[in-house]
Amino acid sequence: MTRISARYLGKRIVVSYITLLVIMTLLFALLRSMPGTFISSMITPEMQPEQIQRMREVWGLNEPLWKQYVNFMVNYQTGEFGMSPTNRVPVWDIMIRRLPRTLILFGAAFIVAYIVGPLVGMYLGWLRGSRKDKSIFASSLVMYSMPAFWLAWLFIWLFNYELGWLESTYMYHQFPQFEWTVVSTITNVLHHITLPLISLAFVNWVGVMLVMRPSMNNVTEEDYVFLAQAKGLSERTVMIKHAARNALIPVATQAIVGLAFLIDGSIIIEQVFSWPGIGQLIVNAVISKDYPVAQASFFILAVLVVVMRLLTDVVYTYLDPRIKFGEG
Amino acid sequence: MPHRRNRSDGANESRRKFLKASGTGAVALSLAGCSGGGDQDPTTTEGTGEETEADTTTEEETVEKRTEDSDSIPRGGTLTYGMAQNPDTSNYLTSGSVYSAVALNLIYDFGVEIDPVTYEIQPWVFTDWELQNADADQPEIAFNVRDDLTWNDGEDFTIEDVIFSHDYIIENEVGEWSSVWNNIESVEEDSGDWDCRMTLTQQIGTWDSSALGACPMLPQHIWSEVDDFQSYDPMAERENGPVGTGPGVLTTFRPDTSMQIQFRDAEEYPLTDLDWVDEHDNLVAGGPFLDQVNFQIYGETAALTQAFMRGEVDTHYGSLDTDKIPEAQDTEGLGLVNGYDSGFSYAAFNCRREPLDDVALRQAIAFAWDDYYWTQQLQQGYVFDGDFAQSPGYSGVRPESVFDGELLEGAAAEAFKFRGQGDSADPDVESIRSFLENGEVIDGSSGTFAGQDYPGSLSGVSASQSESKYNYTFDTAQSSNLDGVSDVELYVDGEPLSEFKGGPISILMDPPGENPKQGQAFERWAENLRKVGIPIKLEPTGFNTMSDMVYYNADYDMYEMGWGGTNPFGTSIRSFFHSNFAKEAFGENEGEQFAYNSTGYGVAGGSSDELIMDAYGEMDPETRNEKYATAIEKVYLDMPYMVRDYDKQRWPMNTADFTGAIANIVDPAYANWFWEATHIHQTE
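Residues numbered from 1 in each chain as written. Chains lettered and ligands numbered in written order. Predicted model: local features only at pLDDT ≥ 70, side-chain atom pairs only at ≥ 80, totals over all residues. Heavy atoms only, no water.

Caption draft 1: Main features of the sheet that holds strand β21 (residues 488-492) of chain B. Residues and elements named next belong to chain B. Strand order in the open sheet formed by three strands is β20-β21-β22, and the pairing between neighbours is antiparallel. Unpaired on one side and paired on the other, β20 (472-476) and β22 (495-496) mark the two borders of the sheet. Across the face of the sheet, helix α13 (residues 429-437) comes into contact with β20 and β21 while running at roughly 125° to β20. (Pairing = 2+ DSSP bridges. Helix = DSSP H or I, 4+ residues; strand = E, 2+ residues; numbered from the N terminus. Contact = heavy atoms within 4.5 Å. Axes fitted to C-alpha atoms, helices over the stretch in contact; angles between N-to-C directions.)

Caption draft 2: Structural view of the sheet that holds strand β8 (residues 140-145) of chain B. All names here are of chain B. Spatially, β7-β8-β10-β9 is the arrangement adopted by the four strands of the open sheet, whose pairing is antiparallel. Each edge of the sheet is formed by a strand with only one pairing partner; in this case those strands are β7 (126-132) and β9 (184-189). On average, adjacent strands in this sheet sit at an angle of 20° to one another, irrespective of strand direction. Contacting β7, β8, β9 and β10 (196-200), helix α2 (residues 159-172) runs over the sheet at an angle of about 155° to β9.

Caption draft 3: Structural context of a negative patch on the surface. Residue and element names in this part refer to chain B. On the surface, Asp273, Asp275, Asp278 and Glu279 cluster together to form a negatively charged patch. Structurally, Asp275 can be placed in helix α7 (residues 275-278). A relative accessible area of 56% places Asp275 in the exposed class. (Patch = residues over 30% accessible without salt bridge, like charges linked within 9 Å, V, L, I, M, F, W, Y side chains within 5 Å. Areas by Shrake-Rupley, 256 points an atom, 1.4 Å probe, with all protein chains shown as cover. Salt bridge = Lys/Arg side-chain N within 4 Å of Asp/Glu carboxyl O. Lys, Arg positive; Asp, Glu negative; His and termini not counted. Charge placed at Lys NZ, Arg CZ, Asp CG, Glu CD. Buried < 20%, exposed > 50% of the residue type's maximum accessible area, 1.4 Å probe, protein only.)

Caption draft 4: Quick look at the side chain of Gln68(A). All names here are of chain A. Structurally, Gln68 can be placed in helix α3 (residues 65-77). Relative accessible area serves as the criterion here: at 7%, Gln68 is assigned to the buried category. The residues contacting Gln68, other than those within four sequence positions of it, are Phe28, Arg32, Gly60, Leu61 and Glu63.

Caption draft 5: Broad picture of the nonpolar core. Core analysis: the biggest nonpolar cluster contains 201 residues, and Trp124(B), Trp223(B), Phe295(B), Trp525(B), Tyr559(B) and Trp673(B) have the highest contact counts within it. When residues of this core are assigned to domains, at least three fall in each of domain 1 (77-319) and domain 2 (343-647) of chain B. Residues Leu124(A), Trp126(A), Ala201(A) and Ile263(A) belong to the second largest nonpolar core, which totals 73 residues. (Core = buried A, V, L, I, M, F, W, Y, C linked by side-chain atoms within 4.5 Å. Domains from an automatic or database assignment.)

Caption draft 6: Focus on the pattern of salt bridges. Evaluated as defined, the whole model comprises 28 salt bridges over all chains. A salt bridge links Lys67(A) to Glu63(A); the shortest N-O distance between them is 3.6 Å. Arg98(A) is the salt-bridge partner of Asp256(B), the closest N and O atoms lying 3.0 Å from each other. On the criterion of chain membership, the pair formed by Asp256(B) in the loop between β11 (248-254) and β12 (258-263) and Arg98(A) in helix α4 (residues 91-126) is interchain, its members lying in two chains. Residue class for Asp256(B) comes out buried when judged on its relative accessible area of 5%. Classification of Arg98(A) by relative accessible area gives buried; the value is 2%. Among the charged side chains, a salt-bridge network with shared partners connects Arg97(A), Arg98(A), Arg101(A) and Asp256(B).

Below, the structure is given as structure tokens:
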């Protein structure tokens, strides 16, 4: 039996689509409300008015506003983000180049955070109230309070500047060109990704632990846990197989939204580590007033968040058999 | 170089928005040469006993004489050059980023070159030339073209390429190269003794740099196939991208992370072997000596600085962060190449805004700026005190240089120095108030103003006003902005300033968190003005917001900016201060077009339009310099800008592995980077 009705799913999809349309409209309005236009940076003092008008025409700015809006909405829904006035290449080409790098970094950070966080949370939740729980919990909160960028600088200072163990910039060595074998590429990327990855994961795993710990504590009071203990199963088996599996449900749902926000937090970490992803791109685009690129970057992040939200609803029903959406 | 442009770099938009150019005698300025390894002694600042880190001497000192023989210079090696921003495109015609230009400028050549030391125009692709019909509405220049150049794809360079290059840019009205089609009507093959003949669109005083040196040489066999130059991507078309006659070949262009320029063999590039280079006291012929330059892009300046300090890059764009200079000086193997900034930092007044349309009030506000606190205490002597809106690096058009004064010296250039009480940091409130109450203006004639003697203008020019526009008095303070600081407030025509027109004057400034020292300086300025009785509000504002408010909407009272660029021949004052570049001149494009003249000077609050255009059309170089210097001095007296300082550049260099950089020239990391790149070589 399906746990989510087609009607409910359809409704959620429509709501998500409308949300995206609103976001697109806001993006369009914000761009147009800024002084000047995105071609302003291309206008030089010697240009004559007719040349500026020609430039406006080329970039579609002479169309009536409503038509610009319609074009924008249609184009964005078909993945046509226009040209970057800075780089003079399609915005989509830039996105395709940048997005995977962001996903690699934050995918890795996500995996680390969602392995370490639940494990520690499980352990602390099982031992809740003990001295071990209190001391680890308190120190974790201290970590959680640290700004990621500050921690990042600390790691750079220690592991790169002082010890020289790890790289603090880029995704791989730029020069000299190294031999592109699978092993050398992986090694090279690992050498570069480790610091930004631990900077991100170090803070984020605590957030996951904070969800897992009370969840774990709750299930330890459940009958099936007492039953498992009464059956004489080892504490480790009860903790992992019977308690933790059930305690993971809120963590799993939180993880989907967490991933979206993890990507959202890319701006600072990518800047600090010169990681050439979407976050760095947004900063550069805003600074250089490359509005088409900035707009497309924000849009892609918005799509990710909206889609993750939608997936949360769907996946949740499969993770927790008690949940049924869209039925009487 | 006149043609190698400085354009917006986004992160520091103002810094790279303006063309640079020339002015003779930059070498007359001082500063020690290449320093490193902690061999500099800190100087003691007179009167305070405080030590500053900078080598602050202003004694005249020339660029060091080069004695190397190019044959003895080792060839080879890779220099790694760091940057804090991404390049935009490898298409030279559309690129507007300095971070692309550092690579692309090594690929393309121009008709003439500017001597990086003397700023004389020298042969380059064109061997010789002659101005003809100088008095005509459209003067002509006849010139000859070198016949021994090749493109970096192996094809021969021809006269047809020269004509094609100009035609292509003129016909397409390529926006980034507007100086070509604004200044040049046509270039044709000459029917007489010369190879080519160029017709100008109008009389242009700087015709040699602005016309002969305006156009990059483009290969006809490549660009004749390009229908849409806007979307042309050289790297997509061929492996080594852009084709030029220059020494560099762009072998890698990854705009997100890196670029690489490999240099051609010396025998393939004869231009750095020209006689004038060979005979030059301060240059070495035969470069480039390196094999290649790798450009690495970092996300932010702090990361870039760290990369230099830990040896990841050998040098980087711009001056080393001031706070890191002592550490670099104390680190074995790291050094600093001294140089001049091509521009200045300033605070600007909106001359349209009453009562800031009055020269007298602008001058009085300047009296309260504590320049000693800024230059010596906060900037530790790494800047020169500001005066004229022209870099001392391009001293050939600075009033004190042109009119027999000493560079950066003399009371005529110190008319608006801080009016302190004796040697203290407290402003001389009474003298500033008296200046305003008496309706005084430092108008160019000699006298004592706000307690300080002024010898009269160097050029004999007068300010736009000889007395104040408004009746200033001081009466009971109405503004809460003055609470606890002053009991009286400035009244303008009987109305308190806080209630006059737009109310208290506000200053847009960088958020103090981004620039704490500047925040301190502006806080002190505001406090000093309040002590006088002038209510002032400081408004921390992000750069992009400020840029919109200032350059597009002119919706501000005052703003500060870290950099305004000048050029060697003084022509930059046209963009900054001529009314044609104010937003009011743009008609229906007002609010959309970037207004280089942000203050509206020329439209309101005085004007130097006539002097500027007189200089612009002057064909005789010496007279032209005098006219520009005169215009610059008038702008100084009228004060749409209060120039705060000129940076003493400290260009970082891995001196353990590299040597040969030319010290004491302007902007070695960018404006003269071509020359540095063709001189730097491996340490033996």
